[in-house]
Amino acid sequence: MDENGSKRRLAWDIFQIVVPVAQAILLALLTLFTSDLSERVSHALQERQLDLSNIEAMKDLILKVQSKQAATDEEEAEAAAVALAAFGARAVPPLINVIQSGNETGNTSRVQAAEKGLRAIGWVDQNQVCPQMARIIENRSALFSWGTHLSAIRLLGDLECADALPGLVKYRDKIASATLEQFAKLINASPAPSLNCLQQIKTKLSQTIAILQRTEEPAS
Amino acid sequence: MKPVHARALQISLIVMASFSSLKAQLNDCPNVISPGFKVLLDDIKPTGTISAQDAAWLREKMQFAFGESLRGAGLDEESRVNLLHCVNRIPGDDSDFTPARMELLDGWAVLLEVWAVASSALDVSGRTLHEAFFHYALVPVRNAPSLLDPPRVYVQPHTIDLGDPQAGLLSLFENSAAELQAYTVIAVGINWAALEDYDRALTFLCKGQGLLAQATAGEPSMPDKALLDYAERLRQEVLRKKAGSDVTLASFLQPATVAFCTEGR
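Residues numbered from 1 in each chain as written. Chains lettered and ligands numbered in written order. Predicted model: local features only at pLDDT ≥ 70, side-chain atom pairs only at ≥ 80, totals over all residues. Heavy atoms only, no water.

Comments concerning the overall build of chain B
Now for step 1: Counting its secondary structure elements, chain B contains seven helices and five strands.
Now for step 2: Put simply, chain B has 265 residues, and 48% of those count as buried.
Now for step 3: Nonlocal contacts in chain B, meaning residues at least 24 apart in sequence, comprise 70% of its contacts between residues at least 6 apart.
Now for step 4: In the structure as shown, chain B presents an accessible area of about 12600 Å², 57% of it carried by carbon and sulfur atoms. (Helix = DSSP H or I, 4+ residues; strand = E, 2+ residues; numbered from the N terminus. Buried < 20%, exposed > 50% of the residue type's maximum accessible area, 1.4 Å probe, protein only. Contact = heavy atoms within 4.5 Å. Areas by Shrake-Rupley, 256 points an atom, 1.4 Å probe, with all protein chains shown as cover.)

Quick look at the side chain of T148 of chain A
Residues and elements named next belong to chain A.
Now for step 1: Relative to the elements of secondary structure, T148 occurs in helix 7 (residues 146-158).
Now for step 2: Here the side chain of T148 touches Q100 through a polar contact of 2.6 Å, side chain to side chain.
Now for step 3: Those residues in contact with T148, other than ones at most four positions away along the chain, are I99, Q100, N103 and I136. (Polar contact = N/O pair within 3.5 Å; in protein donor to acceptor, adjacent residues only side chain to side chain.)

Notes on helix 5 (residues 108-124) of chain A
Residues and elements named next belong to chain A.
Now for step 1: Taking 1.5 Å per residue as the helical rise, helix 5 with its 17 residues ought to reach 24 Å, and the 25 Å between its terminal C-alpha atoms agrees with that figure.
Now for step 2: Counting buried residues along helix 5, 14 of its 17 residues qualify, which places the element largely inside the surrounding structure.
Now for step 3: The N-capping residue of helix 5, defined by a side-chain oxygen 3.2 Å from the backbone nitrogen of S109, is N107. (Expected span 1.5 Å × (residues − 1).)

Quick word on the layout of surface pockets
Now for step 1: Approximately 320 Å³ is the volume attributed to the second largest pocket.
Now for step 2: Around the second largest pocket, the lining comprises 18 residues; the ones closest to its centre are S194 and L195 of chain A together with P35, G36 and A109 of chain B.
Now for step 3: Among the elements of the structure, helix 10 (195-216) of chain A together with strand 1 (37-46) of chain B are those that each provide at least two residues to the lining of the second largest pocket.
Now for step 4: For the lining of the second largest pocket, the residue count by class is eleven nonpolar, five polar and two charged. (1 Å grid on protein atoms, 1.4 Å probe; cavity = no way out; pocket = protein on both sides within 12 Å on 5 of 7 lines; lining within 4 Å. Points joined across faces, edges and corners; volume = space filled by probe spheres on them. Nonpolar A, V, L, I, M, F, W, Y, C, P; charged D, E, K, R; others polar.)

Some details on helix 8 (residues 165-175) of chain A
Residues and elements named next belong to chain A.
Now for step 1: Considered for burial, the residues of helix 8 that qualify are L165, G167, L168, Y171 and I175. The buried side chains of helix 8 occupy one side of the element, clustering within an arc of 160° when seen end-on. Facing away from the buried side of helix 8, by more than 90 degrees, are the exposed residues P166 and K170.
Now for step 2: Lining the buried residues of helix 8 we find helix 6 (130-138), helix 7, helix 9 (180-184) and helix 10. (Arc of directions from axis to C-beta.)

Concerning a nonpolar patch on the surface
Residues and elements named next belong to chain A.
Now for step 1: Taken together, L10, I14, I17 and V18 make up a surface patch of nonpolar side chains, about 390 Å² in accessible area.
Now for step 2: Considering the arrangement of structural elements, one finds L10 in helix 1 (residues 3-65).
Now for step 3: Residue classification places L10 among the exposed residues on the basis of a relative accessible area of 52%. (Patch = residues over 30% accessible without salt bridge, like charges linked within 9 Å, V, L, I, M, F, W, Y side chains within 5 Å. Salt bridge = Lys/Arg side-chain N within 4 Å of Asp/Glu carboxyl O.)

Purely spatial values, then, with no claim about function.
Written out as structure tokens, the structure reads:
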């Protein structure tokens, strides 16, 4: 056998060894990929089903916290809001809505209850609440009432939402020498804001900014 | 703050729920968001032998007496105060006035919330008299930063003879209505001070001090004395602010230069 023939034979032998190994690796990868894909699909379907069942359960609690009884019964409102908080991030929009409607109707029980719910969610994971509260105070289309702004500012401080500090400072500077008419352009007209509302927002902004600045200071 | 395990949430929710179950029920006052300064008059809680009808009668008379009292308080158009009757609302105690609730009430320009608990007692001759314990929550006072400041909620006892409606009514006019008028005018002054309307703040802080001194016949209770002191300290601070001087420095260096409160009395 000449030298070329033996080289070809060696290459053929190597090929015969490598191909089954490569086949096995490819098969394993394919199996892994398809099983991961099917797991993902199954997980997505399960999550969707969970979402749908959550919506049903949440709907009952939302109705409870918005009910006539909750409007006059602080205990009832708090129980429903705190139970709603167990749904985590999904409960944030309805709880904001409860605060907004409580302010529109002068219902402090609902507002306090919804704040407690949001505080519970934010205590577990502030990222689920802080960005939403920051969006409320940064909103300039007068979507939210002054009381909702007040709740958002309070929660930003309570939950130590450090990322919200620049937005709070900007808001404070914007309304520092604002007239009632200028302030009224930033917030919802229902209920109509007064100088007292503006004063409350200013005070709460100062308090919250001080809290967040303290939390940013390195511990001595 | 870092995310915490879901178990921690469950525990915290249980703890929060158990605390919330201790809280009193507090109905809301639907008209509270209406514009202008407000005094909230809640229902009277009947206890002991006091009937619901007696309590309702007393509340009606109080509303009339308080309305007259506010009309005669000498407030200007911008400081006009509306008396709102909050149906089925009876706060439990001071703990119902949480900071969050007080901030909302303050934003809605509520100056004062008044409620009463009625009970019965025997006088020296063995005759049954009805007592009403009036509670006043001074909403703007919650901004007070010092321990020396007056309590947020006062309790003032008054004896009202429901067996003699005329005497009962007279008692209402003479005691609780005069107190309410004084507290309201002081609260108006505190409110204007917060809104930096110094002239109105000075006028009504002075006027309120005078009215409270009259209402207590020169013998103020401890909380009333604390309120009088607070109103005077605030008035002096407003005077210094109006003069544009350094409030802190002036309070230490030149206390004698502060004018006496004579206006509005």
